[in-house]
Number of protein chains: 2
Amino acid sequence: MSAERGSPSTLSHLECSKPGCGATLDYATAPNLCPACRSPLLARYDLAAARRTLRLAALPGRSNTMWRYEEVLPCAAAQAVSLGEGRTPLLHAERYGERLGLANLYVKDEGANPTGSFKARGLSAAVSMARALGVDTIALPTAGNAGGAAAAYAAQAGLDCVVAMPADTPAANVVESRAFGADVRLIDGLISDCGKFIAENVARHGWYEVSTLKEPYRIEGKKTMGYELWEEFHGGLPDVIVYPTGGGVGLIGMWKAFAELEAMGLIGPERPRMIAVQAAGCAPIVQAFERGAATSEFWQGAATVASGLRVPKALGDFLVLDALYASGGEAVAAEDEELLEACRGLARHEGIFAAPEGGAGLVAVRKIVERGEIGDDDSVVVFNTGSGYKYLEAWQRALGS
Amino acid sequence: MSAERGSPSTLSHLECSKPGCGATLDYATAPNLCPACRSPLLARYDLAAARRTLRLAALPGRSNTMWRYEEVLPCAAAQAVSLGEGRTPLLHAERYGERLGLANLYVKDEGANPTGSFKARGLSAAVSMARALGVDTIALPTAGNAGGAAAAYAAQAGLDCVVAMPADTPAANVVESRAFGADVRLIDGLISDCGKFIAENVARHGWYEVSTLKEPYRIEGKKTMGYELWEEFHGGLPDVIVYPTGGGVGLIGMWKAFAELEAMGLIGPERPRMIAVQAAGCAPIVQAFERGAATSEFWQGAATVASGLRVPKALGDFLVLDALYASGGEAVAAEDEELLEACRGLARHEGIFAAPEGGAGLVAVRKIVERGEIGDDDSVVVFNTGSGYKYLEAWQRALGS
């Protein structure tokens, strides 16, 4: 598996993410959290080896998926469980940007991924490693899209999959997960309740838990969004990145990607300002950011049409907040009506059919532009984390039909 | 516009597709059908010029969209109205293929396109040219997905769009078209009735009709599926191509692409066997093929869950049939229950969430394998023309929920 002799992957070991712990582990052991302190584990690479072959000029002609960055992924492209994830369009939203006074507004359209969302990246990496490690059954709680992606990659890999999701998750997520053959458990509650269900049953049934940050590889898949921006900006990075933040793994992942790129000498010390956007009905990171806190509090009564943002307490909240503070970024909340209005505008003026979470990103852009915190010519990338086709109920509400 | 001096596009003129007519036209005139005989017009290129730069080795590093083949497209990539169409995953369906006894079964997953279907390719090309020609409003009848794609590209281009679709078109198509700001007309009937509505209103309102084959550029976008196969098979082509055929523009387009590739000396005279698959509830091409006819008869009472195949009479039927006969291919019908069963199998064993039309393609593969008409090692490419997320009603039926 993975970083064997001759593999392009330079995976070397796993390391605890908690400042002060620093425990290291063998990646061949299929661990979940740090055995010492129960914090998330991060994959570490031999970046000196990776830099020998990972160059911009080497990328054209490689796999047309996120696995093109295989030096800094946990296994080689040839060993990956892949459905064509990554390499999503970076669309210049000229007319929508003009309305906001921005000449360089871009939408990174993650809805083009397999299973119609950014979750494909993380689950492609996690399932690749689960298969390599000999796992039979993966299990996870989900706000919706991660469940569909997990079920799809498990199907591709020939693994069993158990998905726990709130009973009021959008229909598309329930249908796709069942279609992929997953054992779908609808839970009367939030993703946190689903997480409890999975955690309580993992040991009993011998499932391998691939919950957000409870295994080290989903973040590795998600970080490829950062490598793609680096490639798309021709070795540079945008000035501002706006990221819809539920569990926040993509933001943490991109932040990790930028550190790796700098360590390889491929970028300098400058960083984009990282903006986390949440729904006003579930904004624990925003609340923590406004208090200057290092971690967030559990958000009571989470409710929003942007189902992917219904995460009352993220395990990696401290990593998200750290990236916001370190980058001079911030956290912004969007009301449901505002984000649906932004979705309508993006469809009408750009032809992009976004998820409500993507609409939330545009609301954040508008708010920070109004505060004068973005220059006219700053390059701003908003992540649309999923396809609008998976949120038909939300769109029917948005259109009043 | 388009093939001006210095443009990478080598578009030279338009030519009537009808054998014996052969009328030629200037491409700068925004024509619909041949003014002499009312047959579809085809775009012609200076292929001697195109071959100077269009080589396999030149492609890596070009636009990561279908516009990478700009020499043989009606305008340059830089002038295109683009949302990231094309370059869809070609997935090796190993486990599903094994069940059919095929080692080299591939699914070309067109659901990864913008607006979740293969229609994006045709409409990207048509809207690019409509904008270049100064059109204000495009109009078309649709079985569903073409309407969504037309509306999206019109929105991106800043054009108005009128879409006529059957009242019982899947909800996703109605919602997306409205979201993109199109004027959506729900017609109590089939796409043929929608076509009549558009044809009757075009002149009165000054709309530019972009109905299938009634303008010359949708086929140019669709033909890029053929160029992509050529690139993905490293300068070769698969042995068999299975194509869900409503209007059949993609099949006609790929056939045209292969002729262009041969004219440029990039492939030899061999061709894949072209298999058209239709739904048993609307199979005019199958009926015509079985009779050895050159054209099809209008199919009465068309009905199928594969909404994109509800095309009772295709304007380009003679071009489709010609490609089937010339390639040693055939036409196959799939029952709704069979194609939904195939969709379930593909999801369960490959993690691909296909449109019913894609399921029909798999049924055709099974049938011709059972007849002994495909060798174990033949390379077979089945087009999944759209994302399953746009067919939630059909999937709910497929899963019995």
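Residue numbering note: each chain is counted from 1, following its sequence as written. Labels follow written order: the first chain is A, the first ligand is 1, and so on. The model is predicted, so local features are restricted to residues of pLDDT at least 70 and side-chain atom pairs to those at 80 or more, both for listing and for counting; the totals for chains, interfaces and linings are taken over all residues. Side-chain measures here rest on the full set of heavy atoms in the structure, leaving out hydrogens and waters.

Colleague: Break down the interface of chain B and chain A for me, citing the residues and quoting the values.
Modeller: Across the contact, 40 residues belong to chain B and 40 residues belong to chain A. Interface area, chain B with chain A, both sides summed: about 3200 Å², of which 61% is carbon and sulfur. Once two parts are put together, the accessible area they lose, assessed with a 1.4 Å probe and summed over both, is termed the buried area. The largest share of the area that chain B buries against chain A comes from Val175(B), Arg348(B) and Tyr389(B), three residues that together contribute 20% of it. Salt bridge, as used here, is a side-chain nitrogen of Lys or Arg placed within 4 Å of a carboxyl oxygen of Asp or Glu. The tally of links from chain B across to chain A stands at zero salt bridges. Each polar contact in these results corresponds to two N or O atoms within 3.5 Å; when the atoms are within protein, one needs to be able to donate a hydrogen and the other to accept it, and residues that are neighboring in sequence are counted only if both atoms are side-chain atoms. Counting the contacts that link chain B with chain A gives eight residue pairs in polar contact (both at pLDDT 80 or more). In this text, helices come from DSSP runs of H or I with a minimum length of four residues, and strands from runs of E with a minimum of two, each type numbered from the N-terminal end. The element that contributes the greatest number of residues to the side of chain B that touches chain A is helix α5 (residues 171-179) of chain B, accounting for six residues. Taken together, the residues of the side of chain B that touches chain A sort by class into 19 nonpolar, twelve polar and nine charged. Throughout, a contact is declared for two residues whenever any of their heavy atoms are within 4.5 Å. Note that Gly is not counted as nonpolar here; it falls among the polar residues with everything else outside the nonpolar set of Ala, Val, Leu, Ile, Met, Phe, Trp, Tyr, Cys and Pro and the charged set of Asp, Glu, Lys and Arg.

Colleague: Tell me about helix α6 (residues 191-205) of chain A, and name the residues and values.
Modeller: Residue and element names in this part refer to chain A. For α6, with 15 residues, the first-to-last C-alpha span of 20 Å sits near the 21 Å given by 1.5 Å per residue. Taken together, the buried positions of α6 are Ile191, Cys194, Gly195, Phe197, Ile198, Asn201 and Val202. Each buried residue of α6 lies within a common arc of 160 degrees when the element is viewed along its axis, so the set occupies one face. Exposed positions of α6 whose direction lies more than 90 degrees from the buried face are Lys196, Glu200, Ala203 and Arg204. In this structure, the buried residues of α6 make contact with β6 (137-141), β7 (160-166), β8 (183-187) and β9 (208-209). At the exit of α6 stands Gly206, carrying a positive phi of roughly 70 degrees. Expected span of a helix: the number of residues minus one, times 1.5 Å. For the exposure calls, accessible area comes from a 1.4 Å probe over protein chains only, and a residue counts as buried if that area is under 20% of its type's maximum, exposed if over 50%, partly exposed in between. Our arc is simply the arc of the directions from the helix axis toward the C-beta atoms.

Colleague: Lay out unusual backbone geometry with the relevant residues and their values.
Modeller: Residue and element names in this part refer to chain A. In the Ramachandran plot, Arg38 falls in the positive-phi region, its phi being about 60 degrees despite a non-glycine side chain. Topologically, Arg38 is positioned in the loop between β2 (24-25) and β3 (41-45). In this structure Arg38 comes out as exposed when scored by relative accessible area, which is 57%. Residues other than glycine seldom take positive phi values, yet Arg87 does so here, at roughly 55 degrees. Positionally, Arg87 belongs in the loop between α1 (47-50) and β4 (90-92).

Colleague: A description of the nonpolar core should follow, citing residues and the corresponding values.
Modeller: Among buried residues, those of type Ala, Val, Leu, Ile, Met, Phe, Trp, Tyr and Cys that are joined through side-chain atoms within 4.5 Å constitute a nonpolar core. Counting residues in each nonpolar core, the largest one holds 149 residues, and the members touching the most others are Leu105(A), Ile138(A), Leu105(B) and Ile138(B). The contacts of Ile138(A), once residues within four sequence positions are left out, are Val127(A), Ala130(A), Ala150(A), Ala154(A), Leu159(A), Asp160(A), Cys161(A), Val162(A), Tyr208(A) and Val210(A).

Colleague: Quick one: what's the story with the pattern of salt bridges, residue by residue and with numbers?
Modeller: What the rule picks out here adds up to 52 salt bridges over all chains. In this structure, Lys256(B) engages Glu220(B) in a salt bridge whose closest nitrogen and oxygen atoms are separated by 2.8 Å. Highlighted residues: Lys256(B) in helix α9 (residues 249-263) and Glu220(B) in helix α7 (residues 218-222), separated in sequence by 36 residues. Under the relative-accessibility criterion, Glu220(B) is labelled buried at 0%. Put simply, Arg271(B) and Glu262(B) hold a salt bridge, and the shortest N to O gap is 2.6 Å. Among the residues examined, Arg271(B) registers a relative accessible area of 23% and is labelled partly exposed. A single network of salt bridges, built from pairs that share partners, joins Lys108(A), Glu110(A), Arg121(A), Glu228(A) and Glu232(A).

Colleague: Can you lay out the relation of the copies chain B and chain A for me, pointing to particular residues and giving the numbers?
Modeller: Alignment of the copies relies on least squares applied to C-alpha atoms, considering only residues that score at least 70 for pLDDT in both. Least-squares fitting of chain B to chain A yields an RMSD of 0.0 Å, with the superposition described by an axial translation of 0.0 Å and a rotation of 180 degrees. What we have between these two chains is a two-fold relation. Both copies present the same face, since 100% of the interface residues in chain B are matched by interface residues at the equivalent positions in chain A.

Colleague: Please provide a residue-by-residue account of the packing of aromatic side chains, values included.
Modeller: Only Phe, Tyr and Trp rings take part, Trp by its six-membered ring, and two of them pair if their centres are within 6.5 Å. Stacked means planes under 30 degrees apart, edge-to-face means over 60, and tilted covers everything else. Taken as a whole and judged by the stated rule, the model has 16 aromatic pairs over all chains. When the centroid spacing of 4.6 Å and the interplanar angle of 40 degrees are considered together, the rings of Phe353(A) and Tyr389(A) count as tilted. Of this pair, Phe353(A) sits in the loop between α12 (336-350) and α13 (356-370) while Tyr389(A) sits in the loop between β13 (379-384) and α14 (392-398), placing them 36 residues apart in sequence. On the accessibility criterion, Phe353(A) (7% relative accessible area) is buried. Taken together, a centroid distance of 5.8 Å and an interplanar angle of 75 degrees make the contact between Tyr106(B) and Phe233(B) edge-to-face. With a gap of 127 residues between them, Tyr106(B) in strand β5 (residues 104-109) and Phe233(B) in the loop between α8 (224-232) and β10 (240-244) connect regions that are remote in the sequence. Put simply, the rings of Phe180(A), Phe353(B), Tyr389(B) and Trp395(B) touch in pairs and so form one group of aromatic residues. Charge-over-ring placement is defined geometrically: NZ (Lys) or CZ (Arg) within 6 Å of the ring centre, and within 35 degrees of the ring normal. The ring centre of Trp255(A) lies 5.9 Å from the NZ or CZ of Arg271(A), which sits over that ring. The ring centre of Phe118(B) lies 4.1 Å from the NZ or CZ of Lys222(B), which sits over that ring.

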